[in-house]
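# Examining the three-dimensional arrangement
Here is how the chains run, residue by residue.
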Amino acid sequence: MALFSVEHLAFIFGLLGNIISFLVFLAPMPTFYTIWKRKSSEGFQALPYSVAFFSASLLYYAFLKTGAYMIITINGIGCFIETVYLLIYVVYAPKKSKLFVMALILIFNVGGLGLVMAVSLLAFHGANRVSLVGWICCIINLAVFAAPFSIMRRMIKTKSVEYMPFTLSFFLTLCATMRFFYGFFINDYYIAFPNILGFLFGIAQMILYFVYKNAKKDDTLNIEVDPDKDVEKNLSLEEAKDVEMVSK
């Protein structure tokens, strides 16, 4: 007799995935503490949070399935956290950035989600409706997991790991692993498949990190610190973290 049934394994991996996803959702908190402390979001990007909000709001897929309480729980929490992030960003953003963020929300969460719901409800029924929304979620997740490509390219070009936080990459890889097994054990390949790509990208990021971890060590020992450049470097690091967050 097996020690764990398929249902038990699905619950274990689903719970672990939710815990890790929650920690990943909290990862940008230092960024928003910086924004609050500076009373300005200038220099930071809102796009990653808008896309993450849209991705989390696709919990509509979970409502079409039976017993998908794991997805509903973590995506509901994600929607709340991303909403708070976007509100803080908008409060301290210049007028032009405020308008841009509002446009992103209208495009993704009103237009995009509204279109998905309207088409699925009006043109599809039963299993076909679930399949349509599942494929849409799968494609969006694949696009989200591909987002770190720009950071990986920058790391190779600069031979520096300052734009790639290792801890975040590690937890995102771990999260993708948990999500893959959760999808596998509940026979939901719309969840399992994109997380294979997420796992592979995560491994690639960590390999690159170790390859370039000490690449510029000798070159930077005698460089005089320029305060202005140091600020720019810190902002670049924060932007890199923002892009990484989208692939949760």
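From a predicted model like this one, the values you see are computed outputs, not experimental measurements. (Residues numbered from 1 in each chain as written. Predicted model: local features only at pLDDT ≥ 70, side-chain atom pairs only at ≥ 80, totals over all residues. Heavy atoms only, no water.)

Moving on: helix H3 (residues 47–57). The buried count for H3 comes to 10 of 11 residues, which makes it a mostly enclosed element. All of the buried residues in H3 are Pro48, Tyr49, Ser50, Val51, Ala52, Phe53, Phe54, Ser55, Ala56 and Ser57. (Buried < 20%, exposed > 50% of the residue type's maximum accessible area, 1.4 Å probe, protein only. Helix = DSSP H or I, 4+ residues; strand = E, 2+ residues; numbered from the N terminus.)

With that settled, consider the UniProt feature "transmembrane region" (unreviewed entry) in the chain. When the UniProt feature table is mapped onto this chain, "transmembrane region" (unreviewed entry) is found at residues 12–34, 46–63, 69–92, 99–124, 130–151, 163–185 and 191–212. Between the first and last C-alpha atoms of residues 46–63 the distance is 28 Å; the span itself is 83% helix and 0% strand. Helix makes up 100% of residues 191–212 and strand 0%. Its end C-alpha atoms lie 32 Å apart. (UniProt positions renumbered as here; feature names shortened; annotations may be inferred.)

What follows concerns unusual backbone geometry. The backbone of lysine 39 shows a phi angle near 60°, a positive value even though the residue is not glycine. Within the secondary structure, lysine 39 sits in the loop between helix H2 (29–38) and H3. Its identity as a non-glycine residue notwithstanding, asparagine 187 has a phi of 60°, on the positive side. Its location among the elements puts asparagine 187 in the loop between helix H9 (166–185) and helix H10 (189–212).

What follows concerns the packing of helix H7 (residues 126–145) against H10. With their axes 9 Å apart at the nearest point, H7 and H10 run at an angle of 5° to one another. By the angle class used here, H7 and H10 are roughly parallel. Two secondary-structure elements touch here, H7 through Ser131, Gly134, Trp135, Cys138, Asn141, Leu142 and Phe145 and H10 through Tyr190, Phe193, Pro194, Asn195, Leu197, Gly198 and Phe201. Here the residues of the contact of H7 with H10 sort into 9 nonpolar, 5 polar and no charged. (Axes fitted to C-alpha atoms, helices over the stretch in contact; angles between N-to-C directions. Parallel < 35°, antiparallel > 145°, perpendicular 65-115°, else oblique. Contact = heavy atoms within 4.5 Å. Nonpolar A, V, L, I, M, F, W, Y, C, P; charged D, E, K, R; others polar.)

With respect to the helices, strands and loops of the structure, threonine 173 is situated in helix H9. Residues within four places of threonine 173 in sequence aside, it is in contact with Phe199, Gly202, Ile203 and Met206.

This next bit is on the layout of surface pockets. Here the second largest pocket is characterised by a volume of approximately 250 Å³. Around the second largest pocket, the lining is made up of 13 residues, and of these Ala10, Gly67, Tyr69, Tyr182 and Ile186 lie nearest the centre. Mapped onto the lining of the second largest pocket, the elements with two or more residues apiece are helix H1 (6–26), helix H5 (69–91) and H9. Taken together, the residues of the lining of the second largest pocket break down into 9 nonpolar, 2 polar and 2 charged. (1 Å grid on protein atoms, 1.4 Å probe; cavity = no way out; pocket = protein on both sides within 12 Å on 5 of 7 lines; lining within 4 Å. Points joined across faces, edges and corners; volume = space filled by probe spheres on them.)

For the structure on display, the rule yields 1 salt bridge. Between lysine 65 and aspartate 188 there is a salt bridge; the shortest N-O distance is 3.2 Å. Placement of the pair is lysine 65 in the loop between helix H4 (60–64) and H5 and aspartate 188 in the loop between H9 and H10, with a sequence separation of 123 residues. Owing to a relative accessible area of 26%, lysine 65 belongs among the partly exposed residues under this scheme. (Salt bridge = Lys/Arg side-chain N within 4 Å of Asp/Glu carboxyl O.)

Residue position: proline 48 is located in helix H3. Given a relative accessible area of 8%, proline 48 falls into the buried group.

This brings us to H10. When the terminal C-alpha atoms of H10 are compared, their 35 Å separation across 24 residues agrees well with the 34 Å that a helix rising 1.5 Å per residue should span. Put simply, aspartate 188 is the residue that caps the front of H10, since its side-chain oxygen is 3.1 Å from the backbone nitrogen of tyrosine 190. (Expected span 1.5 Å × (residues − 1). Polar contact = N/O pair within 3.5 Å; in protein donor to acceptor, adjacent residues only side chain to side chain.)

What follows is about the packing of aromatic side chains. The geometry of an aromatic ring pair is captured by two quantities: the separation of the ring centres and the angle between the planes. The final tally for this structure, using the stated rule, is 15 aromatic pairs. On the numbers, 4.5 Å between centres and 5° between planes, the contact of phenylalanine 32 with tyrosine 85 is stacked. Highlighted residues: phenylalanine 32 in helix H2 and tyrosine 85 in helix H5, separated in sequence by 53 residues. For phenylalanine 32, a relative accessible area of 4% corresponds to the buried category. Using a relative accessible area of 4% as the deciding quantity, one classes tyrosine 85 as buried. For the ring pair phenylalanine 181 and phenylalanine 185, a centre distance of 6.4 Å and an interplane angle of 25° mean the geometry is stacked. Taken together, the residues phenylalanine 181 and phenylalanine 185, both in helix H9 and 4 residues apart, mark about one turn of the helix. Using a relative accessible area of 30% as the deciding quantity, one classes phenylalanine 181 as partly exposed. The exposure class of phenylalanine 185 is buried, given its relative accessible area of 17%. Linked through ring pairs, Phe13, Phe180, Phe181, Phe184 and Phe185 together constitute an aromatic cluster. (Phe/Tyr/Trp six-rings, centres within 6.5 Å; stacked < 30°, edge-to-face > 60°.)

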